[in-house]
Amino acid sequence: MSDFSFWIILQNLLLATRWTILLSLIAFVSGGIVGLLVLLARVSHGRVLRILSLGYIEVFQGTPLLMQLFLFFFGVALFGIEVSPWVAAWLALTLWTSAFLAEIWRGCVESIPKGQWEASESLALSYGEQMRHVILPQALRIAVAPTVGFSVQVVKGTALASIIGFVELTKAGTMLNNVTFRPFLVYTLVALIYFALCFPLSWYSKRLEGRLNVAR
Amino acid sequence: MSLVSIRDVRKSYGAQEVLKGVSLDTGRGDVVAIIGRSGSGKSTLLRCINGLETYQSGSITVDGMAVGDGKTDLRTLRRHVGMVFQQFNLFPHLTAGENIMLAPTVVVKEQKGEARAVAESLLEKVGLAGKFDAYPSQLSGGQQQRVAIARALAMRPTVLLCDEITSALDPELVNEVLKVVERLASEGMTLILVTHEMRFARDVGTKLVFMHQGRVHEEGPPKALFGQPATPELAQFIGVQP
Ligand SMILES: Nc1ncnc2c1ncn2[C@@H]1O[C@H](COP(=O)(O)OP(=O)(O)OP(=O)(O)O)[C@@H](O)[C@H]1O
Ligand SMILES: [Mg+2]
């Protein structure tokens with residue numbers, strides 16, 4: 001098995017990394033869209049909407065992502081619907097991401113000073129108009145840094161998709177280890193690739209945060 | 001009939017009664033200056049007039065529209081009642097011009113070009129021609145407050161409420177804002193303002209209202225009240241011997 005050279009291992013891991021990146025991107029984007037809807041429900045004037053969205057957030061934040069993956073993969077199959085690991089991972093990560101992003105963004109919305117609400121209200125803007133033109137544009141600026149920061153969690157979260165058989169970086173590492181029996185090399189490389197994906201994100205997030213603090 | 005009519009308004013926060021039956025009439029073109037100690041309910045009263053606060057009993061009507069009866073649409077009301085705040089509350093992500101254009105374009109659905117022309121002329125009116133593209137953070141406090149006034153005027157309100165609009169300003173910036181308000185008054189704008197600027201209240205006001213412990217303690221022509229306060233509380237507040 002020694003002809004499984006370093007380069008071949010690396011090449012295979014990098015090929016699998018494409019799927020980690022793709023799953024991360026898709027989960028992040030769709031999670032962001034769902035998260036925006038959850039956020040709007042969470043800060044709405046409707047009591048029922050607020051309670052429902054709070055419940056949603058609590059459920060997805062309060063249970064392990066792995067359990068959510070299992071539920072989508074095995075649970076849905078019980079209803080006779082065949083779910084591919086790819087779809088199950090995408091759905092689970094989307095909902096999980098949306099819950100966290102909604103909560104992060106809620107903090108941003110609530111950090112907008114009360115005077116902004118009062119001034120826009122006094123100008124006869126409706127709630128929706130206030131949100132659209134006054135509150136969300138300001139909240140968005142504050143939200144960029146923690147949102148980028150959270151994207152690191154999404155990238156790492158995709159590793160769990162390996163358990164339901166989705167061949168991304170972690171799963172590829174496991175498979176390569178099974179044929180090469182060089183766990184130290186393989187998993188070091190896997191870890192380094194994750195680091196290479198995550199570090200720029202967290203670095204960028206910190207930089208944005210710093211810039212925002214200076215701007216104040 | 002008065003433009004803003006306040007009848008026996010009572011308002012409590014929990015067990016604390018903040019307005020204990022306030023009545024006040026404001027005619028068209030009046031400049032009502034409300035003075036009084038901190039906590040006497042001045043801001044609360046002002047905020048009840050445009051529905052930012054609710055009240056428990058009594059009534060308020062503005063130009064025939066009842067405020068806080070649950071029937072009048074507050075948005076309709078607010079198109080006629082402008083408000084300027086102590087802390088300016090400009091929208092920091094919008095330029096001065098965009099701040100002024102926001103409500104006319106979003107609420108009234110004015111055309112952009114039309115709203116822009118109005119915004120420019122309002123900026124000129126408050127002495128800020130050429131500041132259309134400046135962001136609030138690039139303006140002094142006095143300039144920001146003048147933009148805030150222009151923003152309120154863009155909705156062509158029938159009455160303008162001002163809550164201590166010079167209190168957050170450095171002393172040397174107070175006058176530029178007061179001058180704008182004085183000019184509005186001279187043009188016949190109906191103004192209800194809470195203020196600590198006694199000289200302004202006396203010289204520009206057509207009516208002085210002294211609030212004390214949630215009530216209108218004294219009201220009348222400013223010069224008469226300042227010259228001869230009827231109650232020891234007002235005398236003490238303005239610092240003259242009764
Ligand atoms: N949101 C609130 N919740 C509870 N109490 C409040 C609230 N707003 C005001 N109060 C209380 O109501 C009373 C009147 O407040 P208000 O702001 O109307 O006074 P003010 O005359 O404007 O005082 P100032 O000159 O300090 O602005 C105060 O005792 C204040 O503590
Ligand atoms: Mg006040």
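Keep in mind the model is a prediction, meaning the values are calculated, not measured.

Participant: Looking at this structure, I do not really get the pairing of strand β4 (residues 57-62) of chain B. What am I missing?
Facilitator: Taken residue by residue, a regular strand's side chains alternate between the two faces of the sheet. All names here are of chain B. Bridge analysis of strand β1 (residues 4-13) against β4 gives five bridges, and the strand direction is antiparallel. Paired with Arg7 across the bridge in β4 is Ser59. Direction of pairing for β4 relative to strand β5 (residues 65-67): antiparallel, over a ladder of three bridges. Of the residues in β5, the one forming a bridge with Ile60 is Val67. What sits between the antiparallel neighbours β4 and β5 is a turn of two residues, in which Asp63 has the positive phi angle 55°.

Participant: Help me out: how do you make sense of the UniProt feature "domain: ABC transporter" (unreviewed entry) in chain B in this one?
Facilitator: Those residues carrying the UniProt feature "domain: ABC transporter" (unreviewed entry) are residues 4-238 of chain B in this numbering. Helix makes up 37% of residues 4-238 of chain B and strand 26%, and the two end C-alpha atoms of the span are 26 Å apart.

Participant: Hey, could you run me through the packing of helix α3 (residues 96-106) of chain B against helix α4 (residues 112-125) of chain B in this one?
Facilitator: In a pair of packed helices, the angle between the axes and the distance between the axes together describe the arrangement. Residue and element names in this part refer to chain B. For the pair α3 and α4, the least separation of the axes is 9 Å and the interaxial angle reads 130°. As summarised for this structure, α3 and α4 are arranged oblique, according to the angle between their axes. By crossing handedness, the relation of α3 to α4 is classed as right-handed. Residue-level inspection shows Gly97, Ile100, Met101, Pro104 and Thr105 of α3 in contact with α4, the latter providing Lys112, Ala115, Arg116, Ala119, Leu122 and Leu123. Here the contact of α3 with α4 is composed, by residue class, of seven nonpolar, two polar and two charged.

Participant: I keep staring at the packing of helix α5 (residues 141-153) of chain B against helix α6 (residues 171-186) of chain B and nothing clicks. Help me out?
Facilitator: All names here are of chain B. Viewed as axis vectors pointing N to C, α5 and α6 meet at an angle of 20°, and their least axial separation amounts to 8 Å. In terms of axis orientation, α5 runs roughly parallel to α6. The chirality of how α5 crosses α6 is right-handed. Residues Gly141, Gly142, Gln143, Gln145, Arg146, Ile149 and Leu153 of α5 form the contact with α6, whose own contacting residues are Leu173, Glu176, Val177, Val180, Val181 and Leu184. The class makeup of the residues in the contact of α5 with α6 is seven nonpolar, four polar and two charged.

Participant: Help me understand a nonpolar patch on the surface in this model?
Facilitator: A cluster of nonpolar side chains, contributed by Phe195, Phe199, Trp203 and Tyr204 of chain A, occupies part of the molecular surface with about 450 Å² of accessible area. Assessed through its relative accessible area of 42%, Phe199 of chain A is described here as partly exposed.

Participant: For this particular structure, what's the right way to read the UniProt feature "domain: ABC transmembrane type-1" (unreviewed entry) in chain A?
Facilitator: Here, the residues flagged by UniProt with the feature "domain: ABC transmembrane type-1" (unreviewed entry) are residues 17-205 of chain A. Helix makes up 81% of residues 17-205 of chain A and strand 0%. Its end C-alpha atoms lie 22 Å apart.

Participant: Would you explain the sheet that holds β5 of chain B in this entry?
Facilitator: All names here are of chain B. On the basis of which strands lie adjacent, the open sheet formed by four strands has the order β2-β1-β4-β5 and antiparallel pairing. The sheet terminates laterally at β2 (16-26) and β5, the two strands that pair on one side only. The average angle at which neighbouring strand axes cross in this sheet is 30°, direction not considered. Sheet strands in contact with helix α1 (residues 42-49) are β1, β2, β4 and β5, and its direction is about 60° off that of β2.

Participant: Help me understand the site of ligand 1 in this model?
Facilitator: All names here are of chain B. Lining the immediate environment of ligand 1, one finds Tyr13, Gln16, Val18, Arg37, Ser38, Gly39, Ser40, Gly41, Lys42, Ser43, Thr44 and Glu164. Bound to the protein, ligand 1 loses 61% of the 630 Å² it would expose on its own. For the shell around ligand 1, the secondary-structure elements that each account for two or more residues are β2 and α1.

Participant: In this structure, what is going on with the sheet that holds strand β9 (residues 207-212) of chain B? I would like to understand it.
Facilitator: Hydrogen bonds along the backbone pair up the strands of a sheet, which may run parallel or antiparallel. All names here are of chain B. Spatially, six strands are ordered β6-β7-β8-β3-β9-β10 in an open sheet, and the strand pairing comes out mixed. With one partner strand each, in any of the chains shown, β6 (81-84) and β10 (215-220) form the two edges of the open sheet. Taking the axes of each pair of neighbouring strands and ignoring which way they run, one obtains an average angle of 20° across the sheet. In this sheet, strand β8 (residues 190-194) lies alongside strand β7 (residues 159-163) in parallel orientation, the contact comprising five bridges. Within β8, the residue paired with Leu161 across the bridge is Ile192. Taken strand by strand, α5 contacts β6 and β7, and its axis lies near 170° from that of β6.

Participant: What am I meant to see in the UniProt feature "transmembrane region" (unreviewed entry) in chain A here?
Facilitator: What UniProt calls "transmembrane region" (unreviewed entry) maps, in this numbering, to residues 20-41, 62-81, 87-105, 139-164 and 184-204 of chain A. Note that residues 87-105 of chain A is 100% helix and 0% strand, and that its end C-alpha atoms are spaced 26 Å apart.

Participant: I'm lost on the pattern of salt bridges in this one. Help?
Facilitator: Any two side chains of opposite charge can pair, so long as their charged atoms come close to each other. Tallied over the full model, the rule gives 18 salt bridges over all chains. We note a salt bridge from Glu110 of chain A to Arg106 of chain A, for which the minimum N-O separation is 2.9 Å. Placement of both Glu110 of chain A and Arg106 of chain A in helix α4 (residues 85-110) is noted, with a separation of four residues, approximately one turn of the helix. A relative accessible area of 53% means that Glu110 of chain A is categorised as exposed. Measuring nitrogen to oxygen at the nearest pair gives 3.2 Å for the salt bridge that ties Arg47 of chain B to Glu53 of chain B. For Glu53 of chain B, a relative accessible area of 15% translates into the label buried.

What counts, and at which threshold
- Residues numbered from 1 in each chain as written.
- Chains lettered and ligands numbered in written order.
- Predicted model: local features only at pLDDT ≥ 70, side-chain atom pairs only at ≥ 80, totals over all residues.
- Heavy atoms only, no water.
- Pairing = 2+ DSSP bridges.
- Helix = DSSP H or I, 4+ residues; strand = E, 2+ residues; numbered from the N terminus.
- UniProt positions renumbered as here; feature names shortened; annotations may be inferred.
- Axes fitted to C-alpha atoms, helices over the stretch in contact; angles between N-to-C directions.
- Parallel < 35°, antiparallel > 145°, perpendicular 65-115°, else oblique.
- Left-handed = near helix turned anticlockwise from the far one by under 90°.
- Contact = heavy atoms within 4.5 Å.
- Nonpolar A, V, L, I, M, F, W, Y, C, P; charged D, E, K, R; others polar.
- Patch = residues over 30% accessible without salt bridge, like charges linked within 9 Å, V, L, I, M, F, W, Y side chains within 5 Å.
- Areas by Shrake-Rupley, 256 points an atom, 1.4 Å probe, with all protein chains shown as cover.
- Salt bridge = Lys/Arg side-chain N within 4 Å of Asp/Glu carboxyl O.
- Buried < 20%, exposed > 50% of the residue type's maximum accessible area, 1.4 Å probe, protein only.
- Near = heavy atom within 4 Å.

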